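Structure assessment
Chain residues, written in single-letter form:
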Amino acid sequence: MNKAISTRLTFAVAILSLLIFIILWQVIAQQGLLVKNFPGSFKTIGSLIWWVSDPFFDNGPNDLGIGTNLLISLRRVLIGYSLAVLVAVPLGVLMGMSKLAQSSLNPYVQLLKPVSPLAWLPVGLFVFRNSEITGIFVIFITSIWPTLINTAFGVASINPDYLRVSKSLGASKSTTIRRVILPAIMPNILAGMRISMGTAWLVIVAAEMLLGTGIGYFIWNEWNNLSLENIFVAIIIIGFTGFILDQFFGFLQDKFDYSI
Amino acid sequence: MNKKSSKKSSSNENYSHLELFNLGKIFFKEKKFIDFRSKGNRSGFEAIKDINLKIEKNTFVSIIGPSGCGKSTLLNLIAGLQAPTSGKIVIDGQAIKGPGPDRGVIFQNYALMPWLTTIQNIEFALNTVFPAKTKADVKERARKYLRMVGLEKASNKFPKELSGGMKQRVAIARALSINPNMLLMDEPFGALDALTRSYLQDELLSIWRKNKVTVVLITHSIEEALLLSDKIVLMSSGPSAIISEEISVDLERPRDREKIEQDPKYLKIKMRLEKHLLRETRAVEEVT
Ligand SMILES: Nc1ncnc2c1ncn2[C@@H]1O[C@H](COP(=O)(O)OP(=O)(O)OP(=O)(O)O)[C@@H](O)[C@H]1O
Ligand SMILES: [Mg+2]
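Residues numbered from 1 in each chain as written. Chains lettered and ligands numbered in written order. Predicted model: local features only at pLDDT ≥ 70, side-chain atom pairs only at ≥ 80, totals over all residues. Heavy atoms only, no water.

On to the interface of chain A and chain B. Facing the 19 residues of chain A at the interface are 22 residues of chain B. Interface area lost by chain A to chain B is led by S168, L169 and R179 of chain A, which between them contribute 31%. Between chain A and chain B we count three residue pairs in polar contact (both at pLDDT 80 or more) in total. At the level of secondary structure, the elements contributing two or more residues to the side of chain A that touches chain B comprise α7 (160-168) and α8 (173-209) of chain A. For the side of chain A that touches chain B, the leading source of residues is α7 of chain A, giving seven residues. Here the side of chain A that touches chain B is composed, by residue class, of nine nonpolar, four polar and six charged. (Contact = heavy atoms within 4.5 Å. Buried area = accessible area lost by both parts, 1.4 Å probe. Polar contact = N/O pair within 3.5 Å; in protein donor to acceptor, adjacent residues only side chain to side chain. Helix = DSSP H or I, 4+ residues; strand = E, 2+ residues; numbered from the N terminus. Nonpolar A, V, L, I, M, F, W, Y, C, P; charged D, E, K, R; others polar.)

Have a look at this one:
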């Protein structure tokens, strides 16, 4: 009972704060308190409804529906991200298990990890001469580090009891990796994948401003049209999509939470 | 089962089940560049040395010693989880090269895989040791051993949903499911409350009687060792711990927890063990 009431209360507070925010935004914009011609919330909501009610039209690269652009961005992210996970997990396991792999690969990881992935964009364009592949490549570079580092850390800090059990049963190396190490480090892998996805979703918007098409390019295009309300629409959609993606990983992490 | 009994009866009893010859273990620090020249003794820590021991088939042997003397080290060597620095370990007349399913190991903190249910933990052991067995066979066998420790109702629970005593029973079932000839236990009941401990001790005894396994039990409880064992092995304080005494416990079985404490034989051995442990523990304290 109490819980139901408090949930409803939380919801009511959230709605109220949203209403206040929308009204304040509208008032400030209308009065020109910030800058002149700043779009108000009503106008923004109007265009949000307009974009969302017909999301998938296609009138050439500079006039795509917001849904079409979103799907383009999501496709790039999912391909680059999946490739990165496919590379990062085995490599992370290798780094966690072998001192040799650890000491030979770690310098590169430490050196490359702090570099903004956008620095790789010209490299990608030069090598691939294709903006689509370059976008995927940039996302690949973005996504690889958190998953790699978390996986390697997971393996290195695995409970030695599990390995001893496996060894005492005479399990082969491959059985130990598949049946013991991988499930044991699943929480670490998922934590890494969650961070990777978050960063990839941040980077794709910036990368697409330079690549053409995608939700990032949509923002760049609307800036050229000086249509700030459409940029707000894109921000809302990007935020919402990122939230959903993050929640998905949160859900997976809960499923694989072994903590006692 | 058939396989095991035939294996056991075919052995020519010229040798004991487990024999340790001049066993020693030195832990070397990880080599650094500077250490290259001083290879050998200086950088190592000698945990145990010159351990000689014979354990007969189907007997129950306890190992007692002051904390940190090297009991776990000795058990890990027998399990084949670590390699000895010197000496050798012979099982059924054959020097061991590493771990093997002829020895079931029970670890101090249960060591159940938290991502597997109770029954899956046992199935993991079975699948690893008997890869040729069908899924149904494995499941059937896992069930049988869960029933043996009275946990068939908890077969689909995860370790985090079990009490400490239940977890240890799963670990016992897992170790027994692979049908080992020898059970190696490292302070299996140390973390349990007194009631659960006595309950599991009784259970272990009945399992031991029914399954005919050789048990090597590490414990720090004199009462536990006296209640359960045929032989008690006393270790001296480390470093370079040795076996300082072997005591046979020729008390009649089944032993009654209450009555046994009035037995003069029991009291005599108990006194001897207490004296030894006190002396060795004092030795540890004087060093540190
Ligand atoms: N991997 C290792 N590297 C270096 N020293 C070790 C290692 N394992 C154990 N030792 C040392 O060897 C000695 C014996 O350790 P061990 O764990 O076998 O003692 P124990 O008798 O089981 O102690 P406890 O009663 O506390 O369980 C200790 O001094 C310990 O510090
Ligand atoms: Mg120990």
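With domains assigned, chain B is organised as domain 1 (76-192) and domain 2 (219-288). Relative to domain 2 of chain B, the C-alpha centre of domain 1 of chain B lies at a distance of 27 Å. (Domains from an automatic or database assignment.)

Taken as a whole and judged by the stated rule, the model has 14 aromatic pairs over all chains. Considering the side-chain rings of F248 of chain A and F249 of chain A, the 5.5 Å spacing of their centres and the 75 degrees angle between planes classify their relative orientation as edge-to-face. By relative accessible area, F248 of chain A is classed as partly exposed at 45%. Judged by centre distance (5.5 Å) and plane angle (80 degrees), the ring pair of F60 of chain B and W208 of chain B falls under edge-to-face. Taken together, the residues F60 of chain B in strand β3 (residues 60-64) and W208 of chain B in helix α6 (residues 194-211) connect sequence positions 148 residues apart. Neither residue differs from the other here; F60 of chain B and W208 of chain B are each classed as buried. These aromatic residues form a ring-pair network of at least three members: F21, W25, F38 and F232 of chain A. Above the face of the F126 of chain A ring, R129 of chain A is positioned so that its terminal group lies 5.0 Å from the ring centre. (Phe/Tyr/Trp six-rings, centres within 6.5 Å; stacked < 30°, edge-to-face > 60°. Buried < 20%, exposed > 50% of the residue type's maximum accessible area, 1.4 Å probe, protein only. Lys NZ or Arg CZ within 6 Å of the ring centre and 35° of its normal.)

Let's shift gears to the sheet that holds strand β1 (residues 18-28) of chain B. All names here are of chain B. The antiparallel open sheet is built from four strands, whose spatial order is β2-β1-β4-β5. The open sheet has two free edges, formed respectively by β2 (44-55) and β5 (94-95), since each of these has just one partner strand. As paired strands, β1 and strand β4 (residues 86-91) are joined by five bridges and run antiparallel to one another. Residue pairing across strands places G24 opposite S86, the latter belonging to β4. Together, β1, β2 and β4 form the strand contacts of helix α2 (residues 71-79), whose direction differs from that of β1 by roughly 115 degrees. (Pairing = 2+ DSSP bridges. Axes fitted to C-alpha atoms, helices over the stretch in contact; angles between N-to-C directions.)

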